[in-house]
Amino acid sequence: TLFYRLEAIHLGDLMRLCVRPGSKINLSPRFSRAVGGAPDAAEGTLVRTIKAHTKAVRCLALWNGWLCSGSEDKTVNVWDRDFRCVMTLARHHGWVTSVVVWNALLYTASHDSHVRCFNRRGHLVAKLKGHTGSVRCLQVWPGMLYSGSRDGSLRAWNADNECVRVMAGHAEYVRCLHVWDGSLVSGSGDMTMHVWAKPVRPPTPANTASSSPGSSSGLRVTVSRGSPEATTTTEIRRLATAGSSTRTSPNANGRASPVGGSPSPGGSPILSRLPPILTRLMGLSS
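Summarised in this report is the structure supplied together with it. (Residues numbered from 1 in each chain as written. Predicted model: local features only at pLDDT ≥ 70, side-chain atom pairs only at ≥ 80, totals over all residues. Heavy atoms only, no water.)

Structural notes on the side chain of Ser 153
Here is step 1: Structurally, Ser 153 can be placed in strand E11 (residues 153-157).
Here is step 2: A distance of 2.8 Å separates a polar atom in the side chain of Ser 153 from a polar atom in the side chain of Asp 151.
Here is step 3: The residues touching Ser 153, leaving out its near neighbours within four places in the chain, are His 131, Ser 147, Gly 148, Val 166, Met 167 and Val 174. (Helix = DSSP H or I, 4+ residues; strand = E, 2+ residues; numbered from the N terminus. Polar contact = N/O pair within 3.5 Å; in protein donor to acceptor, adjacent residues only side chain to side chain. Contact = heavy atoms within 4.5 Å.)

Following this line, the structure appears as structure tokens:
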């Protein structure tokens, strides 16, 4: 028998119900969802809607048991398990495009061309500068933070928040980054993906300072529409040949002669360090 029909008359969240001992109460599925989600709710059922920001939400990440949301309103909101906003990080001057967690710190990227680093108390501990366009994406790999930007480049940052590598190659802005099979893959508005090999030795800020702007470190494979295998093989062989140039020494006539014979692409030390994904893309085995 239906005794009462409970309508949604509350202006805020309904936090708890109190039932007198000895009595029974059955909630309809509709009312259960209004309370906050029935334990037996069907999969895919909407149980709650959160008014999180004043503009579009662009990205989400988990951080120390909290949920972080980045928005076009230039802020990052941090939520507890009850979806209560416990802090707001408002340091950017443009849309927040990406948020990731690395070394227990929260890194946020924005259209203002900067990456910012926050500690658990919400204090700004570092501002990562270097990109000349909006930063569109962030990815951790391996033991470093990588950022992709509208300036067409990727930058690698170490645990001290120093830029240690600039990786150029895309003709347009870098839209996304992902780690796959031990390699870093970047997607761009130029309709290509670039596959980057893992660095052989850890880079240092000194190496970055001595390299020319826009130079890239590590091996790059371009995957584009058309003939990806030919593009990949040509690029790898070019890099392998460049990386295994023959050393010379003067002979009796004072002319330079090769030491150790002519290198072959198949025996190049660079090819021997390729990850499995690059070997498969080439269709070769070293």
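Some remarks on the sheet that holds strand E9 (residues 135-140)
Here is step 1: Overall, antiparallel pairing links the four strands, which are arranged E9-E10-E11-E12 in an open sheet. Each edge of the open sheet is held by one strand with a lone partner, namely E9 and strand E12 (163-168). Averaged over neighbouring strand pairs, the angle between their axes works out to 20° when direction is ignored. (Pairing = 2+ DSSP bridges. Axes fitted to C-alpha atoms, helices over the stretch in contact; angles between N-to-C directions.)

Remarks on the pattern of salt bridges
A side chain of one charge can pair with a side chain of the opposite charge when the charged atoms of the two come close.
Here is step 1: In the structure shown here, the tally under the stated rule is four salt bridges.
Here is step 2: Among the salt bridges present, the one from Arg 84 reaches Asp 80, with a minimum N-O distance of 3.0 Å.
Here is step 3: For Arg 84, a relative accessible area of 48% puts it in the partly exposed group.
Here is step 4: Given a relative accessible area of 16%, Asp 80 falls into the buried group.
Here is step 5: The salt bridge involving Arg 116 is made with Asp 112; its shortest N-O contact spans 3.0 Å.
Here is step 6: Asp 112 sits in the buried class, given a relative accessible area of 15%.
Here is step 7: Taken together, the shared-partner salt bridges connect Asp 80, Asp 82 and Arg 84 into one network. (Salt bridge = Lys/Arg side-chain N within 4 Å of Asp/Glu carboxyl O. Buried < 20%, exposed > 50% of the residue type's maximum accessible area, 1.4 Å probe, protein only.)

What about the sheet that holds strand E1 (residues 57-63)?
Here is step 1: The sheet built from four strands is open, its strands ordered E1-E2-E3-E4 with antiparallel pairing. Two strands close off the open sheet at either side, each with one partner strand: E1 and strand E4 (85-89). The sheet shows a mean angle of 20° between the axes of neighbouring strands, direction not considered.
Here is step 2: Summarising the sheet, E1 and strand E2 (residues 66-71) pair through six bridges and their orientation is antiparallel. In the sheet register, Trp 63 faces E2, and the bridge partner there is Trp 66.

A closer look at unusual backbone geometry
Here is step 1: Even without being glycine, Asn 103 reaches a positive phi, approximately 55°.
Here is step 2: Even without being a glycine, Met 191 presents a positive backbone phi close to 70°.
Here is step 3: Among the structural elements, Met 191 can be located in the loop between strand E14 (183-188) and strand E15 (193-196).

What about the packing of aromatic side chains?
Here is step 1: Considering all chains together, one arrives at three aromatic pairs under this definition.
Here is step 2: Of note, Arg 120 hangs over the ring of Trp 66, and the distance from its end group to the ring centre comes to 4.3 Å.
Here is step 3: For the cation-ring pair, Arg 150 lies above Tyr 173, with the distance from its terminal atom to the ring centre recorded as 4.7 Å. (Phe/Tyr/Trp six-rings, centres within 6.5 Å; stacked < 30°, edge-to-face > 60°. Lys NZ or Arg CZ within 6 Å of the ring centre and 35° of its normal.)

Considerations on the nonpolar core
Here is step 1: Grouped together as the largest cluster of nonpolar side chains are 14 residues, with contacts concentrated most on Tyr 107, Val 115, Leu 128, Leu 138 and Leu 145.
Here is step 2: Mapped by element, the contributors of at least two residues to this core are strand E5 (96-102), strand E6 (105-110), strand E7 (115-118), strand E8 (124-128), E9 and E12.
Here is step 3: One finds Cys 59, Val 76, Val 78 and Leu 89 within the second-largest nonpolar core, a separate group that totals 13 residues. (Core = buried A, V, L, I, M, F, W, Y, C linked by side-chain atoms within 4.5 Å.)

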